[in-house]
Amino acid sequence: MAQSAVLEVSVTNPHARVRTGWSAVCALTLCVSTLIASEFMPVSILTPIASDLHLTEGAAGQAIAVSGLFAVLTSLSIATLTRGIDRRTLLLSLTLLMLVSGLIVAFAPNFLVFMTGRALLGIVVGGFWSMSAATVMRLVPEDQVPRALGLLNGGNALATTVAAPLGSFLGQYIGWRGAFFVVVPLAGVTLAWQWLTLPAMPSDRETTGASALGMLRRPTARIGAAAVAVLFAGQFALFTYVRPFLEGVTQLGVSPLSIILLLMGAGGLFGTWLFGRLVARSLPTALIVAPVALAAIACALVAFGTLAVPTAILLTLWGVVGTGAPVAWWTWVARRFPDDAEAGGGLLVAVVQLAITLGAAGGGLLFDAGGYRATFLTSAALLVAGALLAALDARLATARSTGVKH
């Protein structure tokens with residue numbers, strides 16, 4: 001009854017509707033933060049997981065790979081498979097699934113059950129991110145969408161920053177199972193918050209909207225997907241190997257290295273805010289500037305990587321731009337495909353996940369074969385290609401807009 005009254009007020013009072021929408025966005029941000037922290041927590045507690053479940057550390061490391069795989073599969077299919085299901089119901093179901101995943105992982109008696117819980121988490125990751133742009137578009141006014149997406153990505157940045165140290169800290173005192181169990185009460189809180197704030201968001205079962213892969217029939221989607229692919233491949237070809245670079249080239253110990261990684265995370269939080277404002281002013285500028293800036297930073301790291309202070313400044317800027325860039329691309333989905341935002345979001349998630357995997361793997365091969373210079377310069381080349389593709393997307397969008405006017 002109370003919930004119905006809130007939703008009724010939100011319909012009749014525009015200001016109340018906006019407040020309720022932003023409260024729902026905050027609830028989704030908490031969900032995203034919990035979700036991403038859960039996804040990357042195994043990084044810092046692989047050894048106790050492997051010991052307790054009688055695995056090698058390599059096998060335990062597949063806990064991250066399996067969640068990524070199921071995230072890709074879910075992102076490509078969820079818009080089509082859940083057609084006709086109210087999006088409020090779907091989001092609440094995904095949050096409940098996150099809670100169940102936390103319970104399964106925390107109490108897993110063996111490797112198979114543990115990986116099942118991680119696979120369920122991957123489904124939630126793929127489902128939430130695929131629907132994020134479309135959901136935000138239905139919760140807040142159009143001019144506030146970039147800010148809302150910036151908030152979601154801020155939650156992502158915060159979770160990515162704290163996941164490893166938080167997992168290590170909690171694992172030390174309450175064990176790896178206790179660290180994973182922390183997800184359960186957080187999932188319960190976000191489930192209750194979403195239940196109170198999310199409005200009904202019907203989905204038409206009869207709609208003939210495109211599937212995620214079907215979006216690739218559109219030239220705009222193909223160019224955007226290519227731009228996103230090279231952007232994230234270039235970004236993670238470098239980012240994945242920041243620690244060995246700092247240890248081997250900049251010659252930093254654990255404490256200063258940890259400070260730089262923390263600065264990168266703090267820069268990421270600022271970057272989501274900054275890019276939210278930049279996108280509101282000019283989406284094409286944000287899409288082009290981000291890869292150009294990252295390419296310049298990659299080249300500067302090659303030139304000044306032996307110096308601690310310049311390297312710290314450059315990597316902080318990398319955190320600002322690298323974490324802010326996804327805000328621009330999620331806004332791109334909302335602007336380019338307002339009627340197929342779920343399918344466009346699914347395509348984007350799949351491309352990003354695959355690009356990260358390929359970029360990290362390719363960067364590793366280059367790092368072993370040619371050292372950090374080969375890796376970082378290849379990263380820069382990929383990022384420049386991303387900027388050129390983003391410029392092509394902007395040109396086509398302008399031409400299409402001009403054609404409509406005529």
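As a reminder, the structure under discussion sits directly above these lines.
Below is a summary of the structure that appears in this document. (Residues numbered from 1 in each chain as written. Predicted model: local features only at pLDDT ≥ 70, side-chain atom pairs only at ≥ 80, totals over all residues. Heavy atoms only, no water.)

Observations regarding the overall build of the protein
Okay, so step 1: Helix and strand counts for the protein come out as 14 helices and zero strands.
Okay, so step 2: Counted from the first residue to the last, the protein has its helices and strands arranged as α-α-α-α-α-α-α-α-α-α-α-α-α-α.
Okay, so step 3: Burial analysis of the protein (406 residues in total) assigns 51% to the buried set.
Okay, so step 4: Summarising the internal contacts of the protein: among those between residues at least 6 apart in sequence, 84% fall at separations of at least 24.
Okay, so step 5: For the protein, the accessible area works out to roughly 17700 Å², and carbon and sulfur atoms hold 69% of it. (Helix = DSSP H or I, 4+ residues; strand = E, 2+ residues; numbered from the N terminus. Buried < 20%, exposed > 50% of the residue type's maximum accessible area, 1.4 Å probe, protein only. Contact = heavy atoms within 4.5 Å. Areas by Shrake-Rupley, 256 points an atom, 1.4 Å probe, with all protein chains shown as cover.)

Quick word on helix α8 (residues 183-197)
Okay, so step 1: Look at α8: 21 Å from first C-alpha to last across 15 residues, which is about the 21 Å you get at 1.5 Å a residue.
Okay, so step 2: Taken as a whole, α8 has its buried residues at Val183, Val184, Ala187, Thr190, Gln194 and Thr197. Buried residues along α8 cover an arc of 160° about the axis, so they all sit on one side. (Expected span 1.5 Å × (residues − 1). Arc of directions from axis to C-beta.)

Concerning the packing of helix α11 (residues 254-281) against helix α13 (residues 308-336)
Okay, so step 1: Orientation of α11 relative to α13, taken along the N-to-C sense of each, is 35°, at an axis distance of 6 Å. α13 is crossed by α11, and the crossing has right-handed handedness.
Okay, so step 2: Looking at the contact of α11 with α13 residue by residue, the classes come out as 15 nonpolar, 10 polar and one charged. (Axes fitted to C-alpha atoms, helices over the stretch in contact; angles between N-to-C directions. Left-handed = near helix turned anticlockwise from the far one by under 90°. Nonpolar A, V, L, I, M, F, W, Y, C, P; charged D, E, K, R; others polar.)

A short note on the packing of aromatic side chains
Note on aromatic pairs: each is described by the distance of the centres and the angle between the planes.
Okay, so step 1: Tallying each qualifying case throughout the model produces 13 aromatic pairs.
Okay, so step 2: A centroid spacing of 5.8 Å and a plane angle of 85° characterise the contact between Phe114 and Trp176, whose relative ring orientation is edge-to-face. Highlighted residues: Phe114 in helix α6 (residues 111-139) and Trp176 in helix α7 (residues 145-181), separated in sequence by 62 residues.
Okay, so step 3: For Trp176, a relative accessible area of 5% translates into the label buried. (Phe/Tyr/Trp six-rings, centres within 6.5 Å; stacked < 30°, edge-to-face > 60°.)

Description of the side chain of Arg88
Okay, so step 1: By the secondary structure assignment, Arg88 is in helix α5 (residues 87-106).
Okay, so step 2: Despite its burial, Arg88 pairs with no opposite charge, the nearest such side chain being Asp86 at 6.2 Å.
Okay, so step 3: Of note is the side chain of Arg88, whose polar atom sits 2.6 Å from the backbone oxygen of Trp195. (Lys, Arg positive; Asp, Glu negative; His and termini not counted. Salt bridge = Lys/Arg side-chain N within 4 Å of Asp/Glu carboxyl O. Polar contact = N/O pair within 3.5 Å; in protein donor to acceptor, adjacent residues only side chain to side chain.)

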